[in-house]
Amino acid sequence: LKECVEWAEKHTEVHVIRSKVKWDQASWREVMIRHFDDIKPDFIINLDSDEILPPEFYEEDLERFIHLPNPTMLLVRPEMLTEDGRDVNLNPKMAHCKVIKWMPGIHYKTRGYKYLGFAQPHFPLSPKVDRKNCYRAKHPFLHLCYYTKEQEKLHKENRAWRGI
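Cut-offs and rules
- Residue numbering note: each chain is counted from 1, following its sequence as written.
- Local features in a predicted model are, by the rule used here, given only for residues with pLDDT of at least 70; side-chain atom pairs are given and counted only at 80 or more, and totals for whole chains, interfaces and linings are based on all residues.
- Water and hydrogen atoms were dropped before computing side-chain values, which therefore reflect all heavy atoms in the structure.
- We define a salt bridge as a side-chain nitrogen of Lys or Arg found within 4 Å of a carboxyl oxygen belonging to Asp or Glu.
- Put simply, DSSP H or I for four residues or longer makes a helix, DSSP E for two residues or longer makes a strand, and each gets a number counted from the N terminus.
- Summary of the burial criterion: residues with accessible area below 20% of their type's maximum are buried, those above 50% are exposed, and those between are partly exposed, where the area comes from a 1.4 Å probe applied to protein chains only.
- Paired strands, as defined in this entry, are two strands with at least two bridges between them according to DSSP.

Trainee: Tell me what's going on with the pattern of salt bridges, and back it up with residues and numbers.
Mentor: Under the counting rule described, the total for this entry stands at seven salt bridges. Note that Arg64 and Asp61 form a salt bridge whose closest N and O atoms lie 3.8 Å from each other. Residue Arg64 and its partner Asp61 are both found in helix 3 (residues 55-66); the two are separated by three residues, about one turn of the helix. On the accessibility criterion, Arg64 (35% relative accessible area) is partly exposed. The class of Asp61 is buried, set by a relative accessible area of 0%. The partner of Arg86 in a salt bridge is Asp84, with the nearest N and O atoms 2.9 Å apart. We classify Arg86 as buried; its relative accessible area is 17%. Accessibility expressed as a relative area gives 44% for Asp84, which makes it partly exposed. The network of salt bridges with shared partners includes Glu30, Arg34 and Asp37.

Now the structure itself:
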């Protein structure tokens, strides 16, 4: 984590966004993306509170992504960390869009569009941005959603607790 923070301090401006909007994926992501309209960052890393990126991600994947034309980066195959080293099911099984290049008009659920899922925004581009023309990270992210047995139980049994 120390290496990640050092990389971020050298290369980025970090904004932590807190919202009072009742959690649902599309609404929260829309609040988040609107926050950046005035800032106009080059890219946005959009992690959940139980996700961590390894140093290799910053050194290789992000450094590569910045110079590519792809507007999104999918993170695939998380490494599932637990406090006791037990084997747990992979979650999520599908790749999620966790890094995007900001541009005017990007949104998640506005103007009659529905939320695409998997943290994938709508872009004002042609051709349409989809899972075929994105960059796929080479390094897995670290996912702590099942870190304790209690968290695993809550995550599996209670969709309301997860906000979905």
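That covers the picture; the talk isn't over yet.
Trainee: An account of the pairing of strand 5 (residues 96-101) is needed here, citing residue identities and associated values.
Mentor: Of all six residues in strand 5, six are buried; the element is thus mostly enclosed. When strand 1 (residues 43-45) meets strand 5, the two strands line up antiparallel, connected through three bridges. If you follow Phe43 over to strand 5, its bridge partner there is Lys101. Strand direction decides the pairing type here: strand 3 (residues 72-75) and strand 5, joined by four bridges, are antiparallel. Residue pairing across strands places Thr72 opposite Ile100, the latter belonging to strand 5.

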